[in-house]
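Structural overview for review
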Amino acid sequence: MSDNRQVDSKIIPAGQQENRDGTKEGMDLLINLCTLSVAKEQIRELLEKESQSTYHMVILHVGNISQLREEYGIAFAMAVLQNQAVLLRRCFQLQDRAVFCRMDKDTLMAFGQCEDAREMEEQCRQVQEKLQNSYFGRREKLQCRVTMGLYHVPAGERDLGLMLACCGKAAAYGSRCRIPLVVFEESMADEEIQTEDSLKMKVMADEKTLQYGSRFIAFAVNLLSDTMDLDSGLDMLVKQVGLYFDYDEVLISEFIQDNSTMVSNKWRREEGVVRNPEEINTLDIWDDFFSGFDKDGINLTCNVEERGYSERDMAFFRERHIGSFINLLLHCNGQTIGYMTCNRQRVIEQISEEELSTLVQLSKVISSFVALRFQNRQNQEHIESLRRDELTGLYYYGAFQKEVRRALYQSDPNLTYAMVYMDISNFAYLNENFGYNEGNQLLKDMARWLRYMNAKRCICGRVYADRFVILVTGDSREEIENQIRHSVSRFSDYLQHRYPMGDLQVRAGLYYIDNPETEIFMMIDAANHARKVIKDDYLNHVMVYTEHLRQTRAEKIQVVASIHDAIENGDVEAYLQPKFSMRTGEVVGAEALVRWHNKDGSLKYPDQFIPVLEEVGYIVNVDFCVFRQVLACLSRWREEGRKRVPISVNFSRVHFRDQHFCDKVMGMLREYEMEPEYIEIEVTESCISGNKVGMIQQMTQLRENGLKIAMDDFGIGYSSLGMLIDSNVDIVKVDKSFIDHYETEQEQQYINRIGQLVRAAGKDIIFEGVETQQQVEFLRDYGYDKAQGYVFSKPVPIAEFEKWIE
Ligand code: C2E
Ligand code: CA
Ligand code: CA
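Residues numbered from 1 in each chain as written. Chains lettered and ligands numbered in written order. Predicted model: local features only at pLDDT ≥ 70, side-chain atom pairs only at ≥ 80, totals over all residues. Heavy atoms only, no water.

Looking now at the overall build of the chain. What the chain contains, in helices and strands, is 26 helices and 29 strands. Looking at the 806 residues of the chain, the share that counts as buried comes to 52%. Accessible area for the chain stands at about 39,300 Å²; split by element, carbon and sulfur atoms hold 48% of it. (Helix = DSSP H or I, 4+ residues; strand = E, 2+ residues; numbered from the N terminus. Buried < 20%, exposed > 50% of the residue type's maximum accessible area, 1.4 Å probe, protein only. Areas by Shrake-Rupley, 256 points an atom, 1.4 Å probe, with all protein chains shown as cover.)

For the rest of this paragraph, the subject is the coordination of the calcium ion (ligand 2). Looking at the calcium ion (ligand 2), the protein donor atoms are Glu591 (OE), Asn650 (OD1), Glu682 (OE) and Asp712 (OD), and they sit 2.1 to 2.3 Å from it. Considered as a linear motif, the donors of the calcium ion (ligand 2) on their single chain read E-x58-N-x31-E-x29-D. Separating the calcium ion (ligand 2) from the calcium ion (ligand 3) is a gap of 4.0 Å, which Asp712 spans by donating to each of them. Placement of Glu591 in strand E21 (residues 587–597) and of Glu682 in strand E24 (residues 679–684) is noted, with a sequence separation of 91 residues between them. Neither Glu591 nor Glu682 differs from the other in exposure class; each is buried. (Donors = N, O, S within 2.8 Å, 3.2 Å for Na, K, Ca; no water.)

What follows is about the packing of helix H16 (residues 547–568) against helix H17 (residues 606–616). Look at H16 against H17: their axes get within 9 Å of each other, and the N-to-C directions meet at 70°. Of the possible angle classes, the one that applies to H16 and H17 is roughly perpendicular. The residues of H17 that touch H16, namely those facing Lys556, Val559, Val560 and Ile563, are Gln608, Phe609, Val612, Leu613, Glu615 and Val616. Along the lines of polarity and charge, the residues of the contact of H16 with H17 split into seven nonpolar, one polar and two charged. (Axes fitted to C-alpha atoms, helices over the stretch in contact; angles between N-to-C directions. Parallel < 35°, antiparallel > 145°, perpendicular 65-115°, else oblique. Contact = heavy atoms within 4.5 Å. Nonpolar A, V, L, I, M, F, W, Y, C, P; charged D, E, K, R; others polar.)

This part is about the coordination of the calcium ion (ligand 3). The protein atoms donating to the calcium ion (ligand 3) are Asp712 (OD), Asp713 (OD), Glu768 (OE) and Glu768 (OE), with metal-donor distances spanning 2.2 to 2.7 Å. Read N to C, the donor residues that coordinate the calcium ion (ligand 3) are spaced as D-D-x54-E.

So, on to the sheet that holds strand E2 (residues 55–62). Taken together, six strands build an open sheet; the order of strands is E1-E3-E4-E2-E5-E6 and the sheet is mixed. Edge positions in the sheet fall to strand E1 (34–35) and strand E6 (181–183), since each has one partner strand and no second. (Pairing = 2+ DSSP bridges.)

To continue, consider unusual backbone geometry. Notably, Ala465 is not glycine yet its phi reads approximately 40°, a positive angle. Its place among the elements puts Ala465 in the loop between strand E16 (458–464) and strand E17 (467–474). Taking the relative accessible area as the measure of exposure, Ala465 reaches 34% and is therefore partly exposed. Positive phi values are uncommon outside glycine, yet Asp713 reaches one of about 55°. When you line up the elements, Asp713 lands in strand E25 (residues 708–714). Asp713 gets classed as partly exposed once you look at its relative accessible area, which sits at 23%.

Among the structural elements, Glu41 can be located in helix H1 (residues 36–49). On a C-alpha basis, the gap between Glu41 and Val99 in space is 9.9 Å, while along the polypeptide they are 58 residues apart.

Let's shift gears to the state of the cysteines. With the rule as written, the count across this model stands at zero disulfides. Not part of a disulfide, Cys114 finds its nearest cysteine sulfur in Cys124, a span of 8.9 Å. (Disulfide = S-S within 2.5 Å.)

The next subject is helix H9 (residues 311–319). Among the residues of H9, Asp313, Met314, Phe316 and Phe317 are the ones counted as buried. Along the long axis of H9, the arc covered by the buried residues comes to 155°, so they all point the same way. The exposed residues of H9 that point more than 90 degrees off its buried face are Glu311 and Glu319. At the exit of H9 stands His321, carrying a positive phi of roughly 55°. (Arc of directions from axis to C-beta.)

Glancing now at the site of ligand 1. Within the structure, ligand 1 sits among 21 residues, and Gln577, Arg595, Asp623, Glu771 and Tyr790 are positioned closest to it. Measuring from a nitrogen atom of ligand 1, one finds a side-chain N or O atom of Asp623 at 2.6 Å. Within the side chain of Glu771, a nitrogen or oxygen atom sits 2.6 Å from a nitrogen atom of ligand 1. Isolated, ligand 1 exposes 790 Å² of accessible area, and the fraction of that covered by the protein chains is 80%. Counting only elements with at least two residues in the shell around ligand 1, the list comes to E21, H17, helix H18 (619–639) and E25. The element that contributes the greatest number of residues to the shell around ligand 1 is E21, accounting for four residues. Looking at the shell around ligand 1 residue by residue, the classes come out as eight nonpolar, five polar and eight charged. (Near = heavy atom within 4 Å. Polar contact = N/O pair within 3.5 Å; in protein donor to acceptor, adjacent residues only side chain to side chain.)

All right, on to the sheet that holds E17 then. Each strand in a sheet pairs with its neighbour through backbone hydrogen bonds, running either in the same direction (parallel) or in the opposite one (antiparallel). Reading across the sheet, the six strands line up as E14-E16-E17-E15-E18-E19 and stay open at both edges, with mixed pairing between neighbours. Edge positions in the sheet fall to strand E14 (395–396) and strand E19 (542–544), since each has one partner strand and no second. In the sheet, E14 pairs with E16 via two bridges, with the strands oriented parallel. Residue pairing for E16: Tyr396 is matched across the bridge by Arg462. Against the sheet, helix H13 (residues 436–453) touches strand E15 (416–425), E16, E17 and strand E18 (505–512), its axis set at about 160° to E15. Contacts from helix H15 (residues 520–534) reach E15, E17, E18 and E19, with the element oriented near 135° to E18.

Glancing now at the environment of Lys643. Relative to the elements of secondary structure, Lys643 occurs in the loop between H18 and strand E23 (647–650). In this structure Lys643 touches Glu586, Val587, Trp637 and Ile805, once residues within four positions along its chain are discounted. Within the structure, the side chain of Lys643 is placed 3.5 Å from the backbone oxygen of Val587, a separation counted as a polar contact.

Moving on, we come to the pattern of salt bridges. One pass over the structure, following the stated rule, counts 46 salt bridges. In this structure, Glu355 and Arg344 form a salt bridge, with 3.2 Å as the shortest nitrogen-oxygen distance. Here Glu355, found in helix H10 (residues 353–386), pairs with Arg344, found in strand E13 (residues 335–344); they are eleven residues apart in sequence, far enough to count as distant. A relative accessible area of 10% means that Glu355 is categorised as buried. On the accessibility criterion, Arg344 (6% relative accessible area) is buried. Put simply, Glu403 and Arg406 hold a salt bridge, and the shortest N to O gap is 2.7 Å. (Salt bridge = Lys/Arg side-chain N within 4 Å of Asp/Glu carboxyl O.)

A few words on the packing of aromatic side chains. Geometry of an aromatic ring pair is reported as the spacing of the ring centres plus the angle between the planes. Counted under the stated rule, the structure contains 28 aromatic pairs. Arranged with centres 5.3 Å apart and planes meeting at 15°, the rings of Tyr55 and Phe111 form a pair that is stacked. Placement of the pair is Tyr55 in strand E2 and Phe111 in strand E4 (residues 107–113), with a sequence separation of 56 residues. The pair formed by Tyr55 and Phe111 is uniform in burial state, with each residue classed as buried. With 5.1 Å between their ring centres and 65° between their planes, Phe767 and Tyr784 make a pair best called edge-to-face. With Phe767 in strand E27 (residues 764–767) and Tyr784 in the loop between helix H25 (773–781) and strand E28 (786–787), this pair connects stretches of sequence that are 17 residues apart. With a relative accessible area of 1%, Phe767 lands in the buried category. According to the relative accessible area criterion, Tyr784 is buried, its value standing at 2%. Within the aromatic cluster, the residues linked to one another by ring pairs are Phe624, Phe627, Phe651, Phe656 and Phe661. (Phe/Tyr/Trp six-rings, centres within 6.5 Å; stacked < 30°, edge-to-face > 60°.)

What follows is the structure, encoded as structure tokens:
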């Protein structure tokens, strides 16, 4: 057998290199520690030479060595013990005069000096923890149970038997009670331990008879148990096996489904380690593969020419230049999981006993790690499957974010990255009309399309329902945008084709990632915001998140965040715009319109905050705030004995979702003891034409309580004239857009016809947005009376309005 020059010598305890394979007298054959009798001699010498020092004895017991031995072979178990011994030495290495020995099959002893007992205990605690965790911490089953007994040798004590007994009792107590570290106390005196006689080397029968390269096995175990990456660990091991035994090729193959094997590790003398070989072979390319093995799972062929292999096998051997080989089956839990192959180009006479038994032991070690790797892989697959959405196979939202984080962490500054948020508008149409299966099918199609869209350069996730997120990589912004636009319009075409009546569109919001360290959810949020802005713009299905979007959005957020304070601080004020009788020139009413005072003295107008407040529902607070100011104003006028006119207040459609809206309005009226005839409620036409049952009820109730309802913005909504006549309103406010165009005969006729209809339905009519004297004259000529607009007055603060009604 060649010597072990290629083997990493760091695992061999220093100072013992010369005792290769423990041939020296008094050394434990298997783990290269001295025996108890030798250790005793050394201790006695030490005690004599340095009698003034303070000594301590440590007995270390590895609880599950027998179990490890049963499961993974003796070499494995011994390698574990040896590694424990190495660690133990390393931990106490500061003390050059420490003595170590193996007392028993699973027991090690250390004897050393230390002035401070506490320090010694602390050191032991650390050592125990280290030993306990040094093995396969990733897999419960392979973990050692290490207990330690510590005995502080009293000054002047020389009785070695007593020391061993006391220390042994502490260790036995620890084992029995499962306490990792026990310092001997008198109370343990009754603890049962093996007598000193029985502590003589009591090793397992097969330990003595077996001859194998124990250091090589120890190296293998150490290598594999320390590695975080079993693939590379096994790669390194096959290489070492090749070099150590002088093979030309060493492989590990695993059985996979369908009678196939996969080469998972491969080393060749000429090529070195072949990374990720993953060669798949079906077993039927070798005739009677299994019959080549003996009962121990070994197929040893010293000369391929002489074994009567089939022509096909021979062709295989020749092609690979294989003259002799040994195959060893790998087992786990009684099942064959693969095999290790060691090939030589040359033919050999025979194989040495030691080489064979080392390979056999090695195959057991390798088996346990191949099994572990298999297990890890399966866990990994399982974890991966948990990360993916069952329906579409795309990442779940959380997993997507993690993937993106990882991708951006390694991002290439020369590339451009973008976050894309997509959905299908009107997706509910599918579920409603075709059922969930059809909807699901479309989501699957969409997922597949997303994956193909940018192949390897994108990461796709599903947020929920029809909402998808994608991290797209490209060479430039233009490239990404073009690609997204192209893909989106193609998929939208497909949707149009498949569901012609569905009005289904893909919409995508795109956010370019300037700073890869931005929070992922912020990127997703920005892309989603861009998507939402697309709304009903059917020509443009892709929206890029721009600075302008960011700013308007920031403003909106600012509005939402500060509206409550603004109301509280009195910054929200009701202005009044007078309504005039064109016949008499008198003010006959007013409309309350809200204004928001900015800190700098400027004003915010309704279109800057009403829409966003409607979205979040806070508009109700604004409306009630205006309403209260109107009520307060009317009741003050009453007190001051002024002439009073009805004031109309705008109430958003949002109120009508609240079934207590009417009660709230009436409650406030009562609070101010206000006569209902002074209040008009303005609601928009589109709001009424929604014709929600609840809304009609509320309006009826309000009217029954004596309030008037005005239909605002008439003419720009969707209602038919028939609806107008039926509807529950008292006043119709004709939108400004009507009166903007009155010049032609045709336009005049049109306006007039509508006016007549409204009148015929018994409703009052008022024209809004009247800006010129000509308009006033036109309306008056046709017999209309009421109007509101800049030609008379803009909305003004209440105090200013009061001059109209003095
Ligand atoms: P609206 O109810 O149709 O109000 C009339 C709008 O037209 C007011 O704009 C008014 O200042 C403006 N206006 C009046 N006369 C003329 C004119 O001759 N020419 C032009 N170009 N405009 C005229 P404002 O005050 O900016 O309000 C805009 C909209 O905001 C309102 O339209 C209303 O829908 C909403 N709004 C205002 N105040 C409130 C409120 O307190 N609550 C709710 N829910 N909405 C409100
Ligand atoms: Ca209005
Ligand atoms: Ca209006």
